[in-house]
Amino acid sequence: MRVLFFFTILQSLFTLDFDGGSYPGVKGHSGFFDGITSRIVVPASDVEEASSSFTVDVWLCPVAFPKSECPVVCRQDWTVPGGWSLWLDNLGNVHFKVACSGEWISADGKTPLKLREWSRVSCTFQSGRALRLALDGREIASSPTELPSVLCSDFPLWIGRTQVRTPSFLEHKSIPIYSSFDGLMDELRIMDGDKEYSR
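Residues numbered from 1 in each chain as written. Predicted model: local features only at pLDDT ≥ 70, side-chain atom pairs only at ≥ 80, totals over all residues. Heavy atoms only, no water.

J.: Hey, could you run me through unusual backbone geometry in this one?
T.: Apart from glycine, the bulk of residues carry a negative phi angle, and the bulk of peptide bonds sit in the trans form. For arginine 116, which is not a glycine, the phi torsion comes out positive at approximately 60°. Among the structural elements, arginine 116 can be located in the loop between strand E10 (103-108) and strand E11 (119-126). Its identity as a non-glycine residue notwithstanding, aspartate 136 has a phi of 50°, on the positive side. With respect to the helices and strands, the residue aspartate 136 is situated in the loop between strand E12 (130-135) and strand E13 (138-144). Here aspartate 136 falls in the partly exposed class, since its relative accessible area comes to 29%. (Helix = DSSP H or I, 4+ residues; strand = E, 2+ residues; numbered from the N terminus. Buried < 20%, exposed > 50% of the residue type's maximum accessible area, 1.4 Å probe, protein only.)

Structure representation (structure tokens):
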């Protein structure tokens, strides 16, 4: 079965292809995240702001799932709801959330990624319409929103780990931990504009 991607013309806001890595990726090499301390932090001034709608597209090959909410990529305020985050839970489900009036709204996937296999994860914020989440080109979740834009220009871009310690989903829930992506990541793109997915 062919997986189809339907694109409008999207302007790239941020691109990371990991070709300096030492592990094979979906195209060239990929970035390895150790599940403990690995992360990439890009200053806010080095990431262009979306005009309104935006799309995040990335390839993931997890080797284990996190013990607490683990951002794949995010621009968020960890003290109060602010910005956006594409993240994994402890079952391998992907989620996309944005802040609206001091609260999070989210599109929550119920189709877990497969361990040790490449999956393409995409999420889109459609200005004034919806949050959309896709796995390998097929929409798996959406949530309506009237929010016209996501304010995140002051937030750095974090890739692969939480900025602060968070409670675990599993054992020792009272002991906050840093949560880091464990696996390979490739072809990260953040683009201005929205994208259509097959259903």
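J.: For this particular structure, what's the right way to read the pattern of salt bridges?
T.: Side chains bearing opposite charge may pair, as long as their charged atoms lie close to each other. On inspection of all chains with the given rule, the structure shows five salt bridges. Between arginine 120 and aspartate 57 there is a salt bridge, with its nearest N and O atoms 2.8 Å apart. On the criterion of sequence distance, the pair formed by arginine 120 in strand E11 and aspartate 57 in strand E6 (residues 54-64) is long-range, its members being 63 residues apart. The burial state of arginine 120 is the same as that of aspartate 57; both residues are buried. In this structure, the salt-bridge partner of glutamate 139 is arginine 132, at a minimum N-O distance of 2.5 Å. When sorted by exposure, glutamate 139 lands in the same class as arginine 132, which is buried. (Salt bridge = Lys/Arg side-chain N within 4 Å of Asp/Glu carboxyl O.)

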